[in-house]
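# Fold and contact review
As a plain string of letters, each chain reads:
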Amino acid sequence: FTSIDEFLKNKYTAEVTDEVNIEDIPSTPANYNIITYIFSAIGITIARILKGSIIDIYIMGRIMNLVLYTTLVYIAIKLLPYKRNIFFVIAFMPYMLLLAASYSVDGICLGAIYIFVAYCLKIYKESETISLKQFLILTALFVFMLMGKGIAYMLIGVLVFLLPLYKTIKKNKKYLPGIIATGILLIIVAT
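Keep in mind the model is a prediction, meaning the values are calculated, not measured. (Residues numbered from 1 in each chain as written. Predicted model: local features only at pLDDT ≥ 70, side-chain atom pairs only at ≥ 80, totals over all residues. Heavy atoms only, no water.)

### Points about the packing of aromatic side chains
To keep things clear, this is the line we draw: In this scheme Phe, Tyr and Trp rings, the latter by its six-membered ring, pair at centre separations within 6.5 Å, and the angle between planes marks the pair as stacked below 30 degrees, edge-to-face above 60, and tilted otherwise. Per the convention used, a helix needs a DSSP run of H or I reaching at least four residues, while a strand needs a run of E reaching at least two, with both numbered from the N terminus. A 1.4 Å probe rolled over the protein chains alone gives each residue an accessible area, and that area as a share of the maximum for its type sets the label: buried under 20%, exposed over 50%, partly exposed in between.
The tally for this structure, following the rule as stated, stands at six aromatic pairs. When the ring of F87 is compared with that of Y114, the centres are 5.0 Å apart and the planes differ by 75°; the resulting orientation is edge-to-face. Within this pair, whereas F87 is found in helix 4 (residues 84–91), its partner Y114 is found in helix 6 (residues 106–126), the two being separated by 27 residues in sequence. Grouping residues by exposure puts F87 and Y114 together as buried. Ring pairing ties together the aromatic residues Y69, F87, F88, F92 and Y114, which thus form one cluster.

Take a look at the structure:
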């Protein structure tokens, strides 16, 4: 441990990873989108420019992930029509902050889900039907939410996606068979 600790205090040099053979590293079953790592890459780059040690670089990447999570939570809280305090407490529970301040994509995924849910609740409270603009925003948020863990959060998104559609379906019952058929088709295509 002492030798590892001393190594991490060293200044970063590009040669530090020369001995790593990429073929020896086992692949992960999760293939995450590269976009989900942009903020941690920015933090790592800032620490490298400032000539930080290896541990400084590691910590700066985690801090930037936490900054992104906090920004996403802030946007979600601004969108929420009610129960903001409860949402705030849930979003900043210690385990959520631990996930957000790691190199896992869970923090970004959670932040994206918060925004998606907040926008769905806002539409549900303020609108009788969904306009095309609202539908396109929901779709964009849904895609953003699925960027990190597509299949894992697909069911959550679909269930929440139905909340604002409920009022539209209630008013336009003649479109119900078409909406059900389209929904089934979308689920099959997504799966």
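From this point, the discussion proceeds with the structure in view.
### Focus on a nonpolar patch on the surface
The condition is simple: Note that patches include only residues with greater than 30% relative accessible area and no salt bridge, and the join distances are 9 Å for like charges and 5 Å for nonpolar side chains (Val, Leu, Ile, Met, Phe, Trp, Tyr). The protein chains shown are the only cover counted for residues, whose accessible areas, like all others here, come from Shrake-Rupley with a 1.4 Å probe. Throughout this description, the term salt bridge denotes a Lys or Arg side-chain nitrogen within 4 Å of a carboxyl oxygen of Asp or Glu.
Residues I34, I35, I38, I42, I46, I49 and L50 make up a contiguous nonpolar surface patch of roughly 700 Å² in combined accessible area. Assignment of secondary structure puts I46 in helix 2 (residues 38–49).

### Observations concerning the environment of A91
Inspection of the secondary structure assignment puts A91 in helix 4. Among the residues examined, A91 registers a relative accessible area of 1% and is labelled buried. Along the primary structure A91 and Y74 are separated by 17 residues, whereas in three dimensions their C-alpha atoms are 9.8 Å apart.

### What about unusual backbone geometry?
In this model, K51 sits at a positive phi of 60°, which is unusual for a non-glycine residue. With a relative accessible area of 60%, K51 lands in the exposed category. One non-glycine residue with positive phi stands out, namely K83, at about 55°. Tracing the backbone through its elements, the reader meets K83 in the loop between helix 3 (54–79) and helix 4.

### Topic: the packing of helix 3 against helix 6
Axis angle and axis distance: for two packed helices, these are the angle between their axes and the distance between the axes, and together they describe the pair. We apply this condition: Where helices are involved, their axes are fitted lines through C-alpha atoms of the stretch in contact, as for all axes, and angles between N-to-C directions lie from 0 to 180°. For classification, angles of less than 35 degrees are called roughly parallel, those exceeding 145 degrees roughly antiparallel, those between 65 and 115 degrees roughly perpendicular, and all remaining angles oblique. In what follows, residue pairs with any heavy atoms lying within 4.5 Å of each other are defined as contacts. In this classification, the charged set is Asp, Glu, Lys and Arg, the nonpolar set is Ala, Val, Leu, Ile, Met, Phe, Trp, Tyr, Cys and Pro, and all remaining amino acids, among them Gly, are polar.
Where helix 3 meets helix 6, the axes come as close as 8 Å, and the angle between the chain directions of the two elements is 5°. Considering their axes alone, helix 3 and helix 6 lie roughly parallel with respect to each other. For the pair helix 3 and helix 6, contact is made by N65, L68, Y69, L72, V73, I75, A76 and L79 and by G107, I108, L110, G111, A112, Y114, I115, A118, Y119 and K122, respectively. Partitioned by chemical class, the residues of the contact of helix 3 with helix 6 number 14 nonpolar, three polar and one charged.

What is shown is where atoms sit, not what they do.
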